[in-house]
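# Summary of the model geometry
Residue-level listing of the chains:
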Amino acid sequence: MDKIFPDAASALGDVPDSITVMIGGVAGQGVPEHSVVALRDRSLKDLTVISSQASTAEGGVGLLLQHGQVKTLIASFIGESRLLDELVVRGGVKIILVPEGTLAERIRAGGAGLGGVLTPTGVGTIVAEGKETRTWNGKDYVLELPLRADLALVKAWRGDAHGNLVYQGAARNFNPIMAMAAAMTVAEVDEIVPAGSLDPDHVHTPGVYVKRLYCGSAP
């Protein structure tokens with residue numbers, strides 16, 4: 001099955017309002033910038049965004065925040081975004097802070113179909129308020145529920161017509177687990193190669209998880 005689209009706009013042209021979107025990337029690496037721009041240009045609203053960070057106002061999740069498209073942000077790092085500070089104070093955005101390791105494991109659990117993860121991170125803090133805790137081998141753990149999304153936007157180095165993806169360097173961060181944890185995954189890739197040309201041992205995300213992909217030049 002050929003999953004290739006000509007550009008981000010066509011790959012995301014039927015995405016509706018009020019959905020949950022995962023956006024890959026950490027510290028500017030592996031961020032699907034063209035996909036984020038396409039969401040911004042469609043003026044989608046009331047989005048719940050799951051991302052490692054809020055990014056700056058000039059890129060990544062920050063573009064959606066700048067245009068008032070985000071209702072709820074689930075993230076682990078927001079320190080670079082003054083805009084988000086203002087939005088939270090004004091009540092324009094609800095923010096849910098999740099420790100980064102916990103965020104990764106909750107997404108991984110969502111992709112694997114697990115019922116949650118037990119982690120010691122957050123025990124005895126506000127992170128654990130209202131959540132089930134368990135003791136195992138003399139140590140307390142918080143039960144964190146899995147995270148899934150309607151749409152995952154990921155950035156890869158190479159992809160083929162079947163949707164198989166290979167990431168490069170630090171871009172292999174949240175992208176592989178997010179690709180597994182959404183009803184529809186759209187991949188932005190630097191290069192599209194012929195089907196069958198990728199070494200199966202080098203594929204990081206199998207095409208079964210990817211519904212659409214397109215080639216995006218460097219932003």
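Everything that follows concerns the structure shown earlier in this document.
These remarks concern the structure in this document. (Residues numbered from 1 in each chain as written. Predicted model: local features only at pLDDT ≥ 70, side-chain atom pairs only at ≥ 80, totals over all residues. Heavy atoms only, no water.)

### Quick notes on the overall build of the protein chain
- Within the protein chain, the regular secondary structure consists of 6 helices and 11 strands.
- For the protein chain, whose C-alpha radius of gyration is 17 Å, the value lies close to the compact-globule estimate of 17 Å for 219 residues.
- Each principal axis of the C-alpha distribution contributes one length, and for the protein chain these read about 50 × 45 × 30 Å.
- For the protein chain, the share of sequence-separated contacts (at least 6 apart) that also reach a separation of at least 24 residues comes to 71%.
- Approximately 10,500 Å² of the protein chain is accessible, and the part contributed by carbon and sulfur atoms is 52%. (Helix = DSSP H or I, 4+ residues; strand = E, 2+ residues; numbered from the N terminus. Rg over C-alpha atoms; globule rule 2.2 N^0.38 Å. Contact = heavy atoms within 4.5 Å. Areas by Shrake-Rupley, 256 points an atom, 1.4 Å probe, with all protein chains shown as cover.)

### Thoughts on the sheet that holds strand 6 (residues 133-136)
- In spatial order, the strands read 5-7-6; together these 3 strands make up an open sheet with antiparallel pairing. Two strands close off the open sheet at either side, each with one partner strand: strand 5 (117-119) and strand 6. Looking at each pair of strands side by side, their axes are set apart by 40 degrees on average, direction ignored.
- As paired elements, strand 6 and strand 7 (residues 139-144) share 4 bridges and run antiparallel to each other. Bridge pairing links Arg134 to Tyr141 in strand 7.
- Of the strands in this sheet, strand 5 and strand 7 are in contact with helix 5 (residues 100-112), which crosses strand 5 at around 165 degrees. (Pairing = 2+ DSSP bridges. Axes fitted to C-alpha atoms, helices over the stretch in contact; angles between N-to-C directions.)

### Observations regarding the pattern of salt bridges
- Applying the stated criterion to the full structure yields 8 salt bridges.
- Salt-bridge contacts for Asp41 lead to Arg40; the nearest nitrogen and oxygen are separated by 2.9 Å.
- Close ionic contact of Glu144 with Lys131 constitutes a salt bridge, the shortest N to O distance being 3.0 Å. Here Glu144 is found in strand 7, whereas its partner Lys131 is found in the loop between strand 5 and strand 6, with 13 residues between them in sequence.
- Its relative accessible area of 32% is what places Lys131 among the partly exposed residues.
- Salt bridges sharing partners connect three or more residues here, namely Arg106, Lys131 and Glu144. (Salt bridge = Lys/Arg side-chain N within 4 Å of Asp/Glu carboxyl O. Buried < 20%, exposed > 50% of the residue type's maximum accessible area, 1.4 Å probe, protein only.)

### Brief notes about unusual backbone geometry
- Non-glycine residue Asp46 carries a positive phi angle of around 55 degrees.
- Inspection of the secondary structure assignment puts Asp46 in the loop between helix 2 (33-41) and strand 2 (47-51).
- Overall, the relative accessible area of 37% leaves Asp46 in the partly exposed class.
- Backbone geometry places Asn137, a non-glycine residue, at a positive phi of 55 degrees.
- Structurally, the position occupied by Asn137 is in the loop between strand 6 and strand 7.

### Focus on the nonpolar core
- Ranked by internal contacts, the top residues of the largest apolar core, which has 29 residues, are Leu73 and Leu151.
- Among the elements that line this core, the one with the most residues is helix 3 (residues 61-66), at 4 residues.
- The residues touching Leu73, leaving out its near neighbours within four places in the chain, are Val49, Ala54, Val61, Leu84, Val93, Lys94, Ile95 and Ile96.
- The next biggest cluster of nonpolar side chains, apart from the first, holds 24 residues, and it includes Ile107, Ala156, Met178 and Ala182. (Core = buried A, V, L, I, M, F, W, Y, C linked by side-chain atoms within 4.5 Å.)

### Examining the environment of Asp190
- Relative to the assigned elements, Asp190 resides in strand 10 (residues 182-193).
- For Asp190, a relative accessible area of 36% corresponds to the partly exposed category.
- Considering only alpha carbons, one finds Asp190 and Ile4, 186 residues apart in sequence, at a separation of 13 Å.
- Those residues within four positions of Asp190 in sequence are excluded, and the remaining contacts are Lys155, Ala156, Trp157, Cys215 and Gly216.
- Of the polar contacts made by the side chain of Asp190, one reaches the side chain of Lys155; its length is 2.9 Å. (Polar contact = N/O pair within 3.5 Å; in protein donor to acceptor, adjacent residues only side chain to side chain.)

### A few points about the environment of Thr135
- Relative to the elements of secondary structure, Thr135 occurs in strand 6.
- A C-alpha to C-alpha distance of 20 Å links Thr135 and Pro99, two positions 36 residues apart in sequence.

### Points about the side chain of Thr102
- As for its placement among the helices and strands, Thr102 is situated in helix 5.
- Excluding residues that lie within four positions of it along the chain, Thr102 makes contacts with Thr119, Thr121 and Glu144.

What is shown is where atoms sit, not what they do.
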